[in-house]
Amino acid sequence: KIKCETEHITLFYNNRETAEESWHGIMGKIAPLLGPLRSPPNVIGSEEDRRKREYTLDLSKKALVDLCGQEADKFLVAGRFELALPGA
């Protein structure tokens, strides 16, 4: 197994080739976005704070989906199909 650690997230892969394809395809760009999305809030806060956090998380998720789609499209157009798969 291959372990890929960043300051934001830890990823595990079956082999080096898959890890490199994934990292160069999309993971290198989205890893910084995944960490904050996966982390629990520091403080529960007021109801307004919770609504703001939920709104921000929703925007971040939508931006993440858009980025993945754009990257996959870019790689498909370039004929680098193996790099398009992780973002698809």
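Just above, that's the structure.
Analysis parameters
- Residues numbered from 1 in each chain as written.
- Predicted model: local features only at pLDDT ≥ 70, side-chain atom pairs only at ≥ 80, totals over all residues.
- Heavy atoms only, no water.
- Helix = DSSP H or I, 4+ residues; strand = E, 2+ residues; numbered from the N terminus.
- Rg over C-alpha atoms; globule rule 2.2 N^0.38 Å.
- Core = buried A, V, L, I, M, F, W, Y, C linked by side-chain atoms within 4.5 Å.
- Buried < 20%, exposed > 50% of the residue type's maximum accessible area, 1.4 Å probe, protein only.
- Contact = heavy atoms within 4.5 Å.
- Pairing = 2+ DSSP bridges.
- Salt bridge = Lys/Arg side-chain N within 4 Å of Asp/Glu carboxyl O.
- Expected span 1.5 Å × (residues − 1).

## Focus: the overall build of the protein
Right, so step 1: From N to C terminus, the protein includes three helices and two strands.
Right, so step 2: Across the protein, helices and strands are ordered from the amino to the carboxyl terminus as β-β-α-α-α.
Right, so step 3: Taking 2.2 N^0.38 as the reference for a compact globule, 88 residues should give roughly 12 Å; the C-alpha atoms of the protein span a radius of gyration of 16 Å, well beyond that estimate.
Right, so step 4: For the C-alpha atoms alone, the extent of the protein along its principal axes is close to 50 × 30 × 15 Å.

## Examining the nonpolar core
Right, so step 1: Listed in full, the 12 residues of the largest apolar core are Cys4, Ile9, Leu11, Tyr13, Ala19, Ile26, Met27, Ile30, Ala31, Leu34, Leu64 and Cys68.
Right, so step 2: Elements supplying a minimum of two residues to this core: β2 (10-13), α1 (16-38) and α2 (47-77).
Right, so step 3: A per-element tally of this core places α1 first, with six residues.
Right, so step 4: Filtering out sequence-adjacent residues up to four positions away, Tyr13 remains in contact with Lys1, Ile2, Cys4, Thr18, Ala19, Ser22 and Met27.

## Quick notes on the pairing of β2
Right, so step 1: Here β2 shows one buried face, formed by Leu11 and Tyr13, and one open face, formed by Thr10 and Phe12.
Right, so step 2: Bridging between strand β1 (residues 2-5) and β2 involves four bridges; their strand directions are antiparallel. Across the sheet, Lys3 pairs through a bridge with Phe12, a residue of β2.
Right, so step 3: Adjacent in sequence and paired antiparallel, β1 and β2 are bridged by four residues.

## Some thoughts on the pattern of salt bridges
Right, so step 1: In total, this model carries seven salt bridges according to the counting rule given.
Right, so step 2: The shortest N-O distance in the salt bridge between Glu47 and Arg51 comes to 3.0 Å. In this pair, Glu47 and Arg51 are both assigned in helix α2, four residues apart and thus about one turn of the helix distant.
Right, so step 3: Note that Arg80 and Glu82 form a salt bridge whose closest N and O atoms lie 3.8 Å from each other.
Right, so step 4: Relative accessible area serves as the criterion here: at 32%, Glu82 is assigned to the partly exposed category.
Right, so step 5: Connected through salt bridges with shared partners, the residues Lys29, Glu71 and Lys74 form a single ionic network.

## Some thoughts on α2
Right, so step 1: The first and last C-alpha atoms of α2 sit 45 Å apart over 31 residues, in line with the 45 Å expected at 1.5 Å per residue.
Right, so step 2: Among the residues of α2, those classed as buried are Leu57, Leu64, Cys68, Glu71, Ala72 and Phe75.
Right, so step 3: Where α2 is buried, its residues meet α1 and α3 (81-84).
Right, so step 4: Of the residues trailing α2, Gly79 is marked for its positive phi of about 75°.

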